[in-house]
Amino acid sequence: LGGSKSLPPPGWHSVTDSQFTYSLNLPEAWHIIDLNLSPEAPGLKSSPPLQVLGSLFASLASDSEMILLGTEDTAVFNTGSPVFVVVAQSQRLQQLPPNEMVSYVQQRLPENVTLVEANTVEGISTELKGNMLFNIEQNEQNEQLWRCQAQLILSDSTSYLLAACTSFGQFPLQLNDFETIVGSFQALG
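Computed from a predicted model, the values in this text were never measured in an experiment. (Residues numbered from 1 in each chain as written. Predicted model: local features only at pLDDT ≥ 70, side-chain atom pairs only at ≥ 80, totals over all residues. Heavy atoms only, no water.)

### Brief notes about the nonpolar core
Point 1. Among the nonpolar cores identified, the biggest contains 35 residues, and L53, F57, L69, F84, I136 and L152 are the most heavily contacted of them.
Point 2. At the level of secondary structure, the elements contributing two or more residues to this core comprise α1 (41-45), α2 (48-60), β4 (65-71), β5 (84-90), α3 (101-108), β7 (128-138), β8 (144-154) and β9 (159-167).
Point 3. Examining the composition of this core, we find that six residues originate from one element, α2, more than from any other.
Point 4. Ignoring any residue separated from it by four or fewer positions in sequence, one finds F57 in contact with S64, M66, V86, A88, L161 and A163.
Point 5. Core analysis: the next-biggest nonpolar cluster, separate from the first, contains 22 residues, V15, W30, L133 and A164 among them. (Core = buried A, V, L, I, M, F, W, Y, C linked by side-chain atoms within 4.5 Å. Buried < 20%, exposed > 50% of the residue type's maximum accessible area, 1.4 Å probe, protein only. Helix = DSSP H or I, 4+ residues; strand = E, 2+ residues; numbered from the N terminus. Contact = heavy atoms within 4.5 Å.)

The structure is reproduced here in structure tokens:
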């Protein structure tokens with residue numbers, strides 16, 4: 001039954017990176033952007049939501065690199081409230097002892113991030129996953145509160161940071177989709 005989790009539900013599809021190192025399920029209507037190759041990537045990386053997440057990921061691991069963005073709509077990134085998921089990777093986090101994963105994250109969060117909930121679970125094979133729910137205060141022109149369902153995945157080859165985020169008000173409406181996305185993530189290599 002463990003493998004059945006990787007089958008996408010109706011209306012969703014499985015996304016695997018070009019190097020076959022991870023896969024996850026996303027709604028079919030979502031845009032998928034490779035943040036290393038897409039011409040859209042520089043503009044999206046400079047948007048307020050991705051700048052905030054990039055800073056958060058860098059606080060957890062200085063070598064973190066955002067590699068994939070999945071979103072309902074890229075047009076709202078600079079001015080609206082996007083619904084999105086970001087995948088980042090880090091070699092450095094791989095050295096983290098699994099039993100210290102959650103406490104490590106708690107100690108390294110920036111001041112504008114509040115950890116609401118955290119736990120650790122075993123994934124497929126040797127994967128260990130740290131599940132987190134956190135709020136991010138964005139202190140730009142208008143203070144906006146974001147909520148993210150996130151996961152830190154420690155695997156044999158690399159570590160991944162996955163965050164599914166939207167505005168605090170939209171989060172309850174997206175919770176089922178976010179749980180499907182985060183629950184479907186698998187390190188492959």
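Now that the structure has been shown, the text picks up again.
### Thoughts on the pairing of β4
Point 1. Burial within β4 is extensive, with six of its seven residues counted as buried.
Point 2. Sheet analysis places strand β3 (residues 31-34) next to β4, joined by four bridges and oriented antiparallel. Looking at the pairing, I33 lines up with L69 of β4.
Point 3. Bridging between β4 and β5 involves six bridges; their strand directions are antiparallel. Within β5, the position partnered with L68 by the bridge is V87. (Pairing = 2+ DSSP bridges.)

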